Amino acid sequence: QVQLVESGGGLVQDGGSLRLSCAASGRTFSSYRMGWFRQAPGKEREFVAAVNGWTGGSTYYADSVKGRFTISKNNAKNTVYLEMNSLKPEDTAVYYCAAGVMGRRADSSSSYDYWGQGTQVTVSS
């Protein structure tokens, strides 16, 4: 039932910044853990970041993005964000927003039940 729509992807230069948004349908946004994953050509889908649903919820980051990316959310708007700074060419991928119940591993794609269509992020050197 939950539908997720990503936006904000695009082309950015090495070292630049980009902010992705994920809008969720419904009014139970705070009941879910929200995550971001990405998949580059020829690569497996990998975990990027996640945040638990309640206010002040725990956040989780892949080692590759720690210190550069920040996940945040606005429960009133049913929206989760991924702020990406100091982007590198290796960050180039399709980025997916996902939602799942809490109590599972945050960094596993199998923990998430709903997925957006993805948005392309390309970082040029």
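Right above here is the structure, for reference.
Below: a short report on this structure. (Residues numbered from 1 in each chain as written. Predicted model: local features only at pLDDT ≥ 70, side-chain atom pairs only at ≥ 80, totals over all residues. Heavy atoms only, no water.)

## Thoughts on the pattern of salt bridges
For the structure on display, the rule yields 7 salt bridges. Put simply, Arg38 and Glu46 hold a salt bridge, and the shortest N to O gap is 2.6 Å. By relative accessible area, Arg38 is classed as buried at 5%. For Asp113, the salt bridge identified is with Arg104, shortest N-O distance 3.2 Å. Given the relative accessible area of 38%, Asp113 is considered partly exposed. Beyond isolated ion pairs, a larger network of salt bridges with shared partners links Arg38, Glu46, Arg68 and Asp91. (Salt bridge = Lys/Arg side-chain N within 4 Å of Asp/Glu carboxyl O. Buried < 20%, exposed > 50% of the residue type's maximum accessible area, 1.4 Å probe, protein only.)

## As for the state of the cysteines
Overall, the coordinates contain 1 disulfide when judged by the stated rule. The disulfide that involves Cys22 links it to Cys97, with 2.1 Å between the sulfurs. The disulfide joining Cys22 to Cys97 has a torsion of about -80 degrees about its S-S bond and is therefore left-handed. In this pair, Cys22 sits in strand β3 (residues 18–24) while Cys97 sits in strand β9 (residues 93–101), placing the two residues 75 residues apart along the sequence. The pair formed by Cys22 and Cys97 is uniform in burial state, with each residue classed as buried. (Disulfide = S-S within 2.5 Å. Helix = DSSP H or I, 4+ residues; strand = E, 2+ residues; numbered from the N terminus.)

## Examining the environment of Arg105
Turning to its location among the elements, Arg105 is positioned in the loop between β9 and β10 (114–115). Classification of Arg105 as exposed rests on a relative accessible area of 57%. With sequence-adjacent residues up to four places away left out, Arg105 is seen in contact with Arg33 and Ser111. Among the polar contacts listed, one links the side chain of Arg105 to the side chain of Asp107, at a separation of 3.0 Å. (Contact = heavy atoms within 4.5 Å. Polar contact = N/O pair within 3.5 Å; in protein donor to acceptor, adjacent residues only side chain to side chain.)

## Here we look at the packing of aromatic side chains
Per the counting criterion, the structure on display carries 5 aromatic pairs. Residues Phe37 and Trp115 carry aromatic rings whose centres are separated by 5.2 Å and whose planes lie at 55 degrees to one another, so their mutual orientation is tilted. Of this pair, Phe37 sits in strand β4 (residues 32–39) while Trp115 sits in strand β10, and the two are 78 residues apart along the sequence. Take Phe37: its relative accessible area is 1%, and that puts it in the buried class. For the pair Tyr112 and Trp115, a centre-to-centre distance of 6.2 Å together with 65 degrees between the ring planes defines the contact as edge-to-face. Sitting over the ring of Tyr81, Arg19 keeps its end group 4.0 Å from the ring centre. Above the ring of Trp115, the side-chain terminus of Arg45 is found at 4.0 Å from the ring centroid. (Phe/Tyr/Trp six-rings, centres within 6.5 Å; stacked < 30°, edge-to-face > 60°. Lys NZ or Arg CZ within 6 Å of the ring centre and 35° of its normal.)

## Notes on the sheet that holds strand β8 (residues 79–84)
Spatially, 4 strands are ordered β1-β3-β8-β7 in an open sheet, and the strand pairing comes out antiparallel. A strand with exactly one partner marks an edge of an open sheet, and here the two such strands are β1 (4–7) and β7 (69–74). Between one strand and the next, the sheet's axes are offset by a mean angle of 15 degrees, whatever the strand orientation. For β7 and β8, the ladder comprises 6 bridges, and the chain directions are antiparallel. Along β8, the bridge assignment pairs Lys73 with Val80. (Pairing = 2+ DSSP bridges. Axes fitted to C-alpha atoms, helices over the stretch in contact; angles between N-to-C directions.)

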